[in-house]
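# Residue-level structural notes
Each chain is listed here by its residues.
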Amino acid sequence: SSSLAHKKTLNPRKPCKRIVLYYHEIMFKGDNVANATAATIANPDGNGLGNFKFGKTVVFDDTLTTDNSLLSPPVARAQGFYFYDMKTTYNAWFAFSLVFNSTQYKGTINIMGADMMDEDTRDLSVVGGTGDFFMARGIATFRTEEVEGADYFQVQMDVKFCCPT
Amino acid sequence: SSSLAHKKTLNPRKPCKRIVLYYHEIMFKGDNVANATAATIANPDGNGLGNFKFGKTVVFDDTLTTDNSLLSPPVARAQGFYFYDMKTTYNAWFAFSLVFNSTQYKGTINIMGADMMDEDTRDLSVVGGTGDFFMARGIATFRTEEVEGADYFQVQMDVKFCCPT
Amino acid sequence: SSSLAHKKTLNPRKPCKRIVLYYHEIMFKGDNVANATAATIANPDGNGLGNFKFGKTVVFDDTLTTDNSLLSPPVARAQGFYFYDMKTTYNAWFAFSLVFNSTQYKGTINIMGADMMDEDTRDLSVVGGTGDFFMARGIATFRTEEVEGADYFQVQMDVKFCCPT
C-alpha cells in the first residue's frame, strides 16, 4: 500500500518515548455518583439509525493507572468525549486529553481519532501536548481489556511519541 | 497580510501528496435506515439563537468516493461530527476521521476545523494520521458539490499533505 | 519531571510568533438573540453526576478583541464547543477555531484541549492552521479575566506558535 514519504524517517515501531496507561470508565447510572467517571449526554439508546447506539454521546473524566487493576493508584485522568457512529457494529469517535499532575509528569496529551472497536488494536492520533508533553505528536494505540455490559470499560492506551529529529 | 515564517518553506499549493474524495451524506429521517449515513443528535431545528440551526449537531459515517457520483464504489468512510454555529448564516464546525481499509490504503486521516459554508472553498486542518497516513499533517479543502434540502449533501474534500522535508 | 527530547529545541517561552486575544462569551438565555454568542446544546444543568454541570455542552461563536473590553472592535471569531467534565469542580474540554478575515490576517487557528478552570493559567494545543496560519502548531494559554454568573465570560487567549526551525 502507498504511504507518505516521511513515514520512512518517523517509525511508529521505534517511538522516542512511550507511556502505557489503562483507562477505567464507570458509567453513571443515576445512583453511583461516588464511583462513576462518565455520563451519557445525548441519545442513551442511540437515535434509531441501526442497533449499535449510533449517536450515543458520552463525556468522561476517567482514571488512568499503570496496570490493568481499577484499584491501582491513579497516575492521570482522561478527560473528553466519544460518540458511537456506525449502524452495523459498535464503533466510536474520540477526542480527549490525558491530564497529568504528578511528581513524574505535569501537562496534557491531546488525542483524537476513530475507535474501530471490532479491531484488536486501533490507532488514534496524538495531535499535541502541553507542559512536559509540549508539542507532542504520535499515536495512541487502544486495546480493549475488559467490558462489563454498559457499566465498565477498561482500555489499554499505548501512547507512542514520534519526535521530529 | 502577515504569516508564519515556515509558510515560505511549506507551500500549500505544492503538497507532497494529494487525495481528492467526495463525501456523500444522507440524513436519517426515521424511515430510511438502509440508506442513511448521518443522524442529528441534538437540536434538530437549532436552539432558537437565530434562524440558521445554531447548535444542531450531527454524527456521520459517510461514504467517500473518488468521483462525484453517489453510486460509485466507496473507497473510504468519513466518521465524525459537526454542529452549526452561527446565528446569521449557515456555518459549521467539523471534527472527523477519514477511515481507509482497502488494498490501496489502510489507516486514518484526522481532520478538524471551521466550515464557512458561504465560501466557495474552505480549509480545515489535517492534524494527524495513522497507518499509511502516519504523522500526516496538511489541509483538507471543502467544496460543496450538491445540496438537496436537508436530506443529501455532497462535498469534495481535497486533502493535501504537507510533509516536513 | 521528565520531558520529551525536542522540548529542549522548541521553547514555549520563546515562540516565533504570538497573538493575544480576548474571548467574550454571552450565553443565550432565550430573550437575547441580538447579543448572545453561545448556546447550550445539551444538559443545561448537568446530568446529575456531581454539582459542577458535568456534561453541560455549549456551542459558541464568540467575539475576539485585542484588549479586555467587550466594546472594542472585534478582530476575529472563536467558533467551536466545550463541555463541563468534572464532578468535583468546574472543568471543561474545548475544541474550536479562531477565524480571522481582516486586512491583517486571513485564515484559521485550530485548538483543542483541557481547560482546568481552577488553575490561574492553563495550556491547550494549537493543532493546526490554515491561510496565514498554515501548518501552525503551539500552545494557547487561557486566563480567565471575568465571569458574570452563567451569563458572560471573558478569557484571555495567549496564542504562541512554536515553529519547527
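Each value, and the rule that gives it
Residues numbered from 1 in each chain as written. Chains lettered and ligands numbered in written order. Predicted model: local features only at pLDDT ≥ 70, side-chain atom pairs only at ≥ 80, totals over all residues. Heavy atoms only, no water. Helix = DSSP H or I, 4+ residues; strand = E, 2+ residues; numbered from the N terminus. Rg over C-alpha atoms; globule rule 2.2 N^0.38 Å. Buried < 20%, exposed > 50% of the residue type's maximum accessible area, 1.4 Å probe, protein only. Contact = heavy atoms within 4.5 Å. Areas by Shrake-Rupley, 256 points an atom, 1.4 Å probe, with all protein chains shown as cover. Least-squares fit on C-alpha atoms with pLDDT ≥ 70 in both. Phe/Tyr/Trp six-rings, centres within 6.5 Å; stacked < 30°, edge-to-face > 60°. Salt bridge = Lys/Arg side-chain N within 4 Å of Asp/Glu carboxyl O. Buried area = accessible area lost by both parts, 1.4 Å probe. Polar contact = N/O pair within 3.5 Å; in protein donor to acceptor, adjacent residues only side chain to side chain. Nonpolar A, V, L, I, M, F, W, Y, C, P; charged D, E, K, R; others polar.

## Observations concerning the overall build of chain A
Along the backbone of chain A there are zero helices and nine strands. Listing the helices and strands of chain A from first to last along the sequence gives β-β-β-β-β-β-β-β-β. In terms of C-alpha radius of gyration, chain A reaches 16 Å, essentially the compact-globule figure of 15 Å for 165 residues. Principal-axis analysis of the C-alpha atoms places the extent of chain A at approximately 50 × 45 × 25 Å. With 165 residues in all, chain A has 61% of them scored as buried. Of the contacts made within chain A by residues no fewer than 6 positions apart, 45% connect residues no fewer than 24 positions apart. Surface exposure of chain A reaches about 6,500 Å², of which carbon and sulfur atoms provide 49%.

## Observations regarding the relation of the copies chain B and chain A
Note on the identical chains: chain B maps onto chain A by a rotation of 120° and an axial translation of 0.0 Å, with an RMSD of 0.0 Å. Each copy turns onto its partner about a three-fold axis. For chain B, the residue whose C-alpha comes nearest the rotation axis is B:Val127, separated from it by 3.4 Å. A low fraction, 10%, of the interface residues of chain B reappear at the interface in chain A, so the copies pair through non-equivalent surfaces.

## Observations concerning the packing of aromatic side chains
Throughout the structure, instances matching the rule amount to 63 aromatic pairs over all chains. When the centroid spacing of 6.1 Å and the interplanar angle of 50° are considered together, the rings of B:Trp93 and C:Phe81 count as tilted. Residue B:Trp93 is located in strand β5 (residues 92–101), and its partner C:Phe81 is located in strand β4 (residues 76–84); the two belong to separate chains. C:Phe81 shares its class with B:Trp93; the two are buried. Site record: aromatic cluster; members linked through ring pairs are A:Tyr23, A:Phe52, A:Phe60, A:Tyr82, A:Tyr84, A:Tyr90, A:Phe94, A:Phe96 and A:Phe142.

## Thoughts on the pattern of salt bridges
Any two side chains of opposite charge can pair, given that their charged atoms come close. Residue and element names in this part refer to chain C. The final tally for this structure, using the stated rule, is 15 salt bridges over all chains. Here Asp 158 ties to Arg 18 by a salt bridge, and the two come within 2.5 Å at their closest N and O atoms. Of this pair, Asp 158 sits in strand β9 (residues 152–161) while Arg 18 sits in strand β1 (residues 17–26), and the two are 140 residues apart along the sequence. Assessed through its relative accessible area of 8%, Asp 158 is described here as buried. Residue Arg 18 is classed as exposed on the basis of its relative accessible area of 52%. A salt bridge links Asp 115 to Arg 122; the nearest nitrogen and oxygen atoms lie 2.5 Å apart.

## Focus: the interface of chain A and chain C
Each side of the interface is counted separately: chain A has 42 residues, and chain C has 38 residues. Summing both partners gives a buried area of about 3,100 Å² for chain A against chain C, and 65% of it is carried by carbon and sulfur. Between the two partners, chain A and chain C, sit zero salt bridges. Connecting chain A to chain C are 14 residue pairs in polar contact (both at pLDDT 80 or more). For the side of chain A that touches chain C, the secondary structure elements donating two or more residues are β2 (38–42), β3 (57–65), β4 (76–84), β5 (92–101), β6 (106–115) and β7 (122–131) of chain A. Counting residues per element, the side of chain A that touches chain C draws most heavily on β7(A), which supplies five residues. For the side of chain A that touches chain C, a count of residues per class yields 24 nonpolar, 14 polar and four charged.

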